[in-house]
Structure formats: C-alpha cells, structure tokens
Amino acid sequence: MFPSFLPQSVQRLTEATSIAFAQNLKCKAISTPLREQPIQTVYIHQGTGGTPILLIHGFDSSSFEYRRLLPLLATEQETWSLDILGFGFTERGAEFQFKRSEIVTHLYSFWETLINQPVILVGASMGGAVALDFALWYPAAVKSIVLLDSAGMKPGPVMGKFLLPPFDYLATEFLRNPKVRQAISESAYFDKSFASLDAQLCAALHLEAMGWNQALIRFSKTGGYGKFGNELNDIQQPTLILWGDNDKILGTADAYKFEKAIPHSQLIWIKNSGHVPHLEQPEITAQHILDFAKNLTP
C-alpha cells in the first residue's frame, strides 16, 4: 500500500490527503557530481501541462508538507516535489557535509535528470532560501520563483558550529521529542486545530530515516542558510512572495524586505494563516500560484 522506504508508522495516517500523498511517493537513483554512486532521491510527480512547478520543503521536513498544495496545483499543471539532500527520505550519504553547495548540486541533478526545462520554483521557509540559492547558481533552470514565508533575510544560526559531542546528539534528541515538535507545529499555525495527530505524524515520519540526526548535525554545523543581502538584486526572474499574515515563526517584516530586495517581485498576504499557508490555506495559496503562472510571459 505504501512505498517500502517509508517507515511502518505511515500506516497510522488518517487524513485522505496524507495517505494518498504517501502512496504516490517514488524513489529514483539520481547521478550527481558529488560522488560516483547515484543518490537515492525521494520525490512525487503529478499533473501534466504548463510550466513545471517544483516544490522545495523547509528545514527538518520533507515533501509531506506539500500534501495539501501539490494535488491542487497538479489539477492544472505538472508539479514536482522532492526531498532535498540531507532531509526527508532522500539517502543521507556519510560522505556529505550537507552544505549549501551540495544541496543545490543535488537539486540541479534531479532537475536535469527528470525535468530539464525551466521551472516555477516554489520554496517554503528554508525551502525559499534553497530556491533563491538555486536561482542564483542556475538561473537558466528557473523561469520564476514563489516564496512562501521564506528564510533568507536573517543571519544563520551560529550554534551549529558549537555542536560538539555529546551536545550534538542531545540537541537532535530534543528536536525529536514529540512535545517539542507539537509545540513548534502549533506555533506555525494561526488556527491551532491544524496541528492534529495526523499533521504531527506527517512531520515526524522522516525522523525514522537512517542518519536523520547525523545529517541534521552536519547541516547545522555548516551554518545553514543565512542572510542573502545584495545577492537578491541579481534575481531577475519574476518572483511572487506569499506570506501568512499571522506568521509567528519568522514574523511579517521580512516579507516587505524581500519585496524591496528582489527587483521583479510582488507581495500578497495570505489572510488567517501562520507560517505555513500551503498547509493552512492551500486553496488560496494554490490559486495565487496558478494565477501567477498564467500571467508569466511565454
């Protein structure tokens, strides 16, 4: 019923969208310049037609965070989502540091192997920073950008550089704690009822993937995604900034900063939404993205 790379706890999903999403996940060996062996990469692909949409998830997450948005987008356009290197259910090689250059190289290899035409790149939270990084490295691969409550305006965390044993393990075990994760989930929503048991399970399935804690430690030690600064002036693609008007994770000030820093950008507020409008207000979020796609110059 479910792909073999998912843990047995996937059987406890209860929402129809979550179950269908899990059943449609796939895994493909993606050849990259990062090592001789390909990287087993987990992704989902639905829909046909139009400019392909590629969804990038956030920190300590997986493609599951697009379980409500992706099916809506796929009704009108070809839509993809993948678990980026070091996250989700994609293979975590012991030889990787999971630094930004490795993440973007793996993402490009995935794009080149399976899509290989300019995409509408959608990134949520840290995924927005990944999308911006990708557009700066490989501008020809990106037709336009959609940022969902994006990271990239604040300095990266400095604590990662000091995660020495045993504190690195203790930090990841703290993050693994269900009560901690539930508190984070509740703070991400405007309507706390969205922080359901099913939502908690979707957000925790990847914790059972091999190497989850070590990859998170290595990524954190690289400094992660900090402030882009003047680099954003080099983003030439049309950019749509969608932001929850009740974001308690990143706040709302960064939305205006992105609008000012990215030359061809527009900002739209998602009402009655916290940090994750793609989960809390998926219909209006999808409609804004599809409208944006239709208005792009061919």
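Counting restarts for each chain, with residues numbered from 1 along the sequence as it is written. Where local features are concerned, this predicted model is filtered to residues with pLDDT of at least 70; where side-chain atom pairs are given and counted, the filter is 80 or more; whole-chain, interface and lining totals use all residues. Computation of side-chain values covers all heavy atoms of the structure but excludes hydrogens and water.

- Under an unreviewed UniProt entry, the name given to the chain is 2-hydroxy-6-oxohepta-2,4-dienoate hydrolase, and the organism recorded is Planktothrix tepida PCC 9214.

Some words on the sheet that holds strand S4 (residues 79-82)
Then step 1. Pairing between strands is defined by DSSP: at least two bridges between the two strands are required. Helical segments are the DSSP runs of H or I of at least four residues, strand segments are the runs of E of at least two, and each set is numbered from the N terminus. One open sheet holds the eight strands; their spatial order is S1-S2-S4-S3-S5-S6-S7-S8, and the pairing between them is mixed. In this open sheet, the two edge strands, each paired with only one partner strand, are strand S1 (26-30) and strand S8 (265-270). Taken over all neighbouring pairs, the strand axes of this sheet differ in orientation by 25 degrees on average, direction set aside.
Then step 2. Working rule for contacts: check all heavy atoms of both residues, and any pair within 4.5 Å makes them a contact. As a rule, the C-alpha atoms of each element are fitted with a line to give its axis, helices using only the stretch in contact, and angles between N-to-C directions run from 0 to 180 degrees. Its contacts with the sheet put helix H9 (residues 253-261) on strand S6 (142-148), strand S7 (239-244) and S8, and the angle it makes with S8 is roughly 160 degrees.
Then step 3. In the packing of helix H11 (residues 282-294) onto the sheet, contacts are made with strand S3 (53-56), strand S5 (119-124), S6, S7 and S8, and the angle to S7 comes to roughly 170 degrees.

Re the packing of helix H3 (residues 100-114) against helix H4 (residues 126-137)
Then step 1. Between H3 and H4, the least distance of the axes is 10 Å, while the angle of their chain directions is 75 degrees. If you check the angle between H3 and H4, you find them roughly perpendicular. Contacts between H3 and H4 pair Arg-100, Ser-101, Ile-103, Val-104, Leu-107, Tyr-108 and Trp-111 from the former with Val-130, Asp-133, Phe-134 and Trp-137 from the latter.
Then step 2. Polar here means any residue outside two lists: the nonpolar Ala, Val, Leu, Ile, Met, Phe, Trp, Tyr, Cys and Pro, and the charged Asp, Glu, Lys and Arg; Gly therefore counts as polar. Class assignment of the residues belonging to the contact of H3 with H4 gives a composition of eight nonpolar, one polar and two charged. In what follows, roughly perpendicular refers to angles from 65 to 115 degrees, roughly parallel to angles under 35, roughly antiparallel to angles over 145, and oblique to any angle outside these ranges.

Examining the pattern of salt bridges
Then step 1. A carboxyl oxygen of Asp or Glu within 4 Å of a side-chain nitrogen of Lys or Arg is what we treat as a salt bridge. By the definition in use, this model includes eight salt bridges.
Then step 2. With its nearest N and O atoms 2.5 Å apart, the salt bridge here joins Lys-154 to Asp-254. Taken together, the residues Lys-154 in the loop between S6 and helix H5 (167-176) and Asp-254 in helix H9 connect sequence positions 100 residues apart.
Then step 3. Think of it in three bands: with a 1.4 Å probe and only protein chains considered, a residue is buried below 20% of the maximum accessible area for its type, exposed above 50%, and partly exposed in between. On the basis of relative accessible area, Lys-154 is assigned to the partly exposed category, the value being 38%.
Then step 4. Take Asp-254: its relative accessible area is 3%, and that puts it in the buried class.
Then step 5. Here the residues in one salt-bridge network are Arg-35, Glu-91 and Glu-95, joined through shared partners.

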